[in-house]
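# Close look at the chain arrangement
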Amino acid sequence: MPTGSVRLHSIKKLGQENHSYEVSDEGNLTSPFPTRAQGKQEQPAIRVGFFQLFRFSTCKDVAMMIVGSCCAVLHGSAQPLMLLVFGLLTDTFIEYDIELNELRDDRKECVNNTIRWKRNYTVVQDPTRPLNQSDLGLIINSTLEMLVPLRNMSCGILDIEHEMTMFAFYYVGIGVSVFLLGYFQISLWVTAAAKQIQLIRKMYFSKVMRMEIGWFDCTSVGELNTRMSDDINKINDAIADQVAIFVQRFTTFVCGFSIGFVKGWKLTLVIIATSPLIGVGAGLMALFVAKLTGMELQAYAKAGAVADEVLSSIRTVAAFGGEKKEVDRYDRNLVSAQQWGIRKGMIMGFFTGYTWLIIFLCYALAFWYGSTLVIDTEEYTPGTLLQVFFGVLVAAMNLGQASPCLESFAAGRGAATIIFETIDREPEIDCLSEAGYKLDRVKGDIEFHNVTFHYPSRPEVKILDQLSVAVKSGETTAFVGPSGAGKSTAIQLIQRFYDPKEGMVTLDGHDIKGLNIQWLRSLIGIVEQEPVLFATTIAENIRYGRPGVSMADIITAAKEANAYNFIMDLPQKFDTLVGEGGGQMSGGQKQRIAIARALVRNPRILLLDMATSALDNESEAIVQEALDKVRMGRTTISIAHRLSTIKNADVIVGFEHGRAVERGKHNELLERKGVYFTLVTLQSQGDKALNEKARQMAEGLEPEPEKLNLSRAGSYRASLRASIRQRSRSQLSNLIPDSSVPITGDLGPGAYSMSQEDKYKVQEEELVEPAPVARILKYNAPEWPYMVFGSLGAAVNGGVNPVYSLLFSQILATFSVTDPDAQRREINGICVFFVMVGVVSFFTQMLQGYAFAKSGELLTRRLRRIGFQAMLGQEIGWFDDHRNSPGALTTRLATDASQVQGATGSQIGMIVNSLTNIGVAVIMSFYFSWKLTLLILCFLPFIALSGGFQAKMLTGFAKQDKQAMESAGQISGEALNNIRTIAGLGKERSFVETYEAHLTAPYQAALKKANVYGACYGFAQCVVFLTNAASFRFGGYLVEQEGLHFSLVFRVISAIVTSGTALGRASSYTPDYAKAKISAARFFQLLDRVPPISVYSNRGEKWDNFQGNLDFIECKFTYPTRPDIQVLNGLNVSVKPGQTLAFVGSSGCGKSTSVQLLERFYDPDNGKVLIDGHESTRVNVPFLRSKIGIVSQEPVLFDCSIAENIKYGDNLREIGMNEVISAANKAQLHDFVMSLPEVLWGVHPR
């Protein structure tokens, strides 16, 4: 194994030893922490089996899941059971109709519940008696048919109303059972899942909080927060309602096919034989759509790259007037994306049509072959035919609907992999462990014995190298040295955030590894460079230092830390909330509260890691004095970059390259001229220089000529900025003690955060009213023929469902026809109709797909073009706003334009389709039986609701409510972000307890939801059964009392029920209408904005003999995004034609700004710029810019050939190649270009 390489051993399983280190040949310990890349190598993404997801379930949970599964199995068998009832019901209706048809024949009568020929029609002649004339007439009048005795056909027994009442009871019984089973199946699984998820959340958070700091170095906090929320939700999805639904659907699939094979295996095999055609179609569609989507995205990416390039170089584009050229270039790239999008629409239309064609051909085949089995061979009854056909159909549908559950299971297993491995991992340094010694008496001697250390996240960088340092009790020891020398690392080893790789750290001669961690950390008070406060009151923050501390102690600690006075000035005093991360407090206030928190512990060891770095002079002196007082008799280690604060330390230790290279008092070390001497010298030089500049500014001295540039406000700001980068703000006040220099321009709070007023303004601007649909459609107006044809196709497709109901009921009607020839003719005719409907559906689906894809893609392209054009038409000041950065604008172009399509295009198709479906169904139903239709319409809203609900169910609805988890999420987020502070204070357990307390609300909400979801699901499932019960019972009444044909009952019921569920599904699947309207509104907001400097306007002055006479008169200017910083303050400059004027000065004094005013990127706030005597604000913008040639400090070249880049200099006309070569010669460029492989016009300036 090569030196320094790391091998990750498997995570510790329960009962196994965790060999977390591996010693390489050289004898060095290699890190147990993998870098992220190494950790992910050679390991499958999913390492958790499905049943392992339930490892945290209790016996009660298992019992609930078993009962839930049993309910799901019974529920799954309800639909196939209903088909058995449906078959019997159909047979009953047909039998009744056949009886009616038979008795309509005058020659037949019902005798003793049997249909007979009427008397004398079949008198058998006595062969001994000769035939007379009347007998012959009788026989001639009788048909051959009447000579044949009738089959034993019963009559008068069947009371259709009574039969239908019985079937209605069956339906109601199944419906009520389904409601109860659906309720229990969902609520039991969701409840069991809620319990397990709560336990997983608790265990995961508790384990994460126990992890050593090195583990956090290798794991990002963002990743942990995501796992806490999203990943655990994914596990929830995998073990909650989705399991129950999968069991239910799979049972339906099995039962459906079982009914098919048991009742009629021949027909089942015929139907199954056609299913591969649908499978192949679906597979090909997925393949093509994926490929075309890829091509479309690629084309859009190219257009996006153009937009990004142009928007990033907007000043160059504006300077050379290239806006129109760029809009055309962008549009050219959109064309190919549009073509791919249209092709995708066509392909989707084709395959959707193909699927419907196969389905209708399958119907035709099934009913044709089934009818031969019913009529010719009499193997089946009509009811059996329906049971088999619908059994297979329902089975296939449920198999398809079960597949999304498998995705949830896979996602849950993937999410559980890391979470369970974290729960199983034993921490290297377990902060909540009870193990370890607690010393009776602590003196406070700390010693490092040959300590070598590197951070787990950077095993190749050695931080401490054989460090040996002794810190005596009661003394103040200062650690000094350059950044990265290992000072803060040493402090973290004392707190036992990490363990050294070699050597040891001792407290009073005891290796700290053997001491109890919580006890050890309770001895230590730490004040860090960037103190962390928690989102609670000041008093609570100080109380974190020591649990159960009295208010008097808190006040004493606050006084010692010089925090008492400012706290008492606050309206709520110690009860003031400090805000998230202490955001409501200033840096100095936060630091003082943190010091009070450290002091309230009354620590034996005090660690000060640049404790006073954020304080101003006065506070620093007082706090320093307080610290000097409190460190008496305590072991204190102080780290400071400001060496004045550690002059008085008992011992100063100089660090370099992870070793302690010198040790002594201030004066001794200065004489030795080592590390400490170098640091002191460098710092005093920097202080002197900065003091000198500050004093010159403060006293308004006239500086020496060679230092002229230093006195400029701009350079002063620049020097201040430079110093700010290296020191904290408080050092400035240290260096400019009495100056009255206004430094707020760059350094005040405004430079760091937006004022509240500005924030409200931003929010007001971002809130937009949804755009009216009429205006969106107006942009789609040129495509009206496509939309008309698409709507026509959608309308025909909407009519397919009701037509199916018509044909289906007609097939049933044929089974009661008594004449076999007429029966066969009718059946063949209906099957041909099925084929025709399939063919029509195929073409209309294609038409709908193509037409709406075409209109939608053209709209998207048009909107993108118009949007891009509008963006390029804005003034440059608009682009300075951070909300209009190139990335944000490119994204807005991409997302808003495509989301607007959600309010037009295919959305219109969906609406037309649903409306036609329901319209045709209702009209047809009213035509055939208005009474029955009125009854079913009462159920329609519930059917539509259940359709929508079930469509939502497919995606899984037991996702934890985000809001309920928010407060727990805030606690976990705060804890993980500030893990070092929490570890230092030893507060892990209290955060775990707070987090667990906050989980109660979401848990209770989940239990409550389990019942609501269960009831909703049960209702959604049972509503169709109840509808059928009422409809068929009333239908039986209409058939008997009002002579309604039984087939019309089926026709009306199936038409309305199918259209109702279709409507519900459509409403749940339609893209979000509101989102489209908001996107459109944002778009229109951009289009409606009138820029103060318009590049597309023809207005403004133009003149022929352009001279180039320039005058700046009393120009004052501030940038729109920084109105508080005056850039030009009454500039007066003029330059005559032919003259060369040079602007010189320090950074930020307004040189480039003057050029930008000349280009009319901006207009002056006061004063004016004159060009040949014309005021710049009245000059035509494109005309003015066409007269200016500019070479910027960082020239921008576009992603096209060198020739095209040169031509970009003048975008108002076509430029010939000779002009390009001439310009290249003048710029000394021609020879270099000619040496390139593709000469002038082909090379891209990459």
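Remember, predicted model here, so these are calculated numbers, not experimental data.

## Quick word on the packing of aromatic side chains
- Enumeration according to the criterion identifies 59 aromatic pairs in this entry.
- An angle of 35° between the planes, with centres 6.0 Å apart, marks the rings of tryptophan 356 and phenylalanine 360 as tilted. Of the two residues, tryptophan 356 and phenylalanine 360 are both situated in helix H11 (residues 323-376); the distance of 4 residues between them amounts to about one turn of the helix.
- On the accessibility criterion, tryptophan 356 (30% relative accessible area) is partly exposed.
- Above the face of the phenylalanine 420 ring, arginine 55 is positioned so that its terminal group lies 5.1 Å from the ring centre.
- Positioned above the aromatic ring of tryptophan 340 is the side chain of arginine 343, whose terminal nitrogen or guanidinium carbon lies 4.6 Å from the ring centre.

## Here we look at the pairing of strand S3 (residues 446-453)
- Looking at chain direction, S3 and strand S4 (residues 464-471) are connected through 5 bridges and run antiparallel. The residue of S4 that forms the bridge with valine 451 is leucine 467.
- Examined bridge by bridge, S3 and strand S6 (residues 502-507) share 5 bridges and lie antiparallel to one another. Bridged to isoleucine 446 within S6 is leucine 507.

## Let's talk about the sheet that holds strand S10 (residues 635-639)
- Taking strand neighbours across the sheet as the criterion, the 6 strands line up as S8-S9-S10-S5-S11-S12 in an open arrangement whose pairing is mixed. The open sheet terminates on both sides in strands that have one partner only, identified here as strand S8 (524-527) and strand S12 (659-664). The sheet shows a mean angle of 20° between the axes of neighbouring strands, taken without regard to direction.
- Both strand S11 (residues 651-656) and S12 contribute to a ladder of 5 bridges, which runs antiparallel. Each residue of the ladder has a partner; that of glycine 654, found in S12, is glutamate 662.
- Strand contacts of helix H13 (residues 487-494): strand S5 (476-480), S8, strand S9 (605-609), S10 and S11, with the helix running at about 150° to S10, the strand carrying the most contacts.

## Concerning the sheet that holds S3
- Read from one edge of the open sheet, 4 strands run S4-S3-S6-S7, paired in antiparallel fashion. Edge positions in the sheet fall to S4 and strand S7 (510-511), since each has one partner strand and no second.
- Against the sheet, H13 touches S3, S4 and S6, its axis set at about 115° to S3.

## Quick word on the UniProt feature "transmembrane region" (unreviewed entry) in the protein chain
- The sites that UniProt annotates as "transmembrane region" (unreviewed entry) are residues 168-194, 243-262, 268-290, 347-368, 784-807, 827-853 and 934-955.
- Helix and strand shares over residues 784-807 are 100% and 0% respectively, and the end C-alpha atoms of the span are 34 Å apart.
- Secondary structure across residues 827-853 divides into 100% helix and 0% strand, with the first and last C-alpha atoms of the span separated by 39 Å.

## Let's talk about the environment of asparagine 801
- Structurally, asparagine 801 can be placed in helix H29 (residues 784-814).
- As for asparagine 801 and threonine 1058, which are separated by 257 residues in sequence, their C-alpha atoms are 7.0 Å apart.

## Focus on helix H2 (residues 59-76)
- Over its 18 residues, H2 extends 25 Å from the first C-alpha to the last, a length consistent with the 26 Å expected when each residue adds 1.5 Å.
- Buried residues of H2: Asp61, Met64, Met65, Gly68, Ser69, Cys71, Ala72, His75 and Gly76, and no others. One face of H2 carries all of its buried residues, which in axial projection span an arc of 160°. Those residues of H2 that are exposed and angled more than 90 degrees off the buried face are Cys59, Lys60 and Leu74.

Calculation notes
Residues numbered from 1 in each chain as written. Predicted model: local features only at pLDDT ≥ 70, side-chain atom pairs only at ≥ 80, totals over all residues. Heavy atoms only, no water. Phe/Tyr/Trp six-rings, centres within 6.5 Å; stacked < 30°, edge-to-face > 60°. Helix = DSSP H or I, 4+ residues; strand = E, 2+ residues; numbered from the N terminus. Buried < 20%, exposed > 50% of the residue type's maximum accessible area, 1.4 Å probe, protein only. Lys NZ or Arg CZ within 6 Å of the ring centre and 35° of its normal. Pairing = 2+ DSSP bridges. Axes fitted to C-alpha atoms, helices over the stretch in contact; angles between N-to-C directions. Contact = heavy atoms within 4.5 Å. UniProt positions renumbered as here; feature names shortened; annotations may be inferred. Expected span 1.5 Å × (residues − 1). Arc of directions from axis to C-beta.

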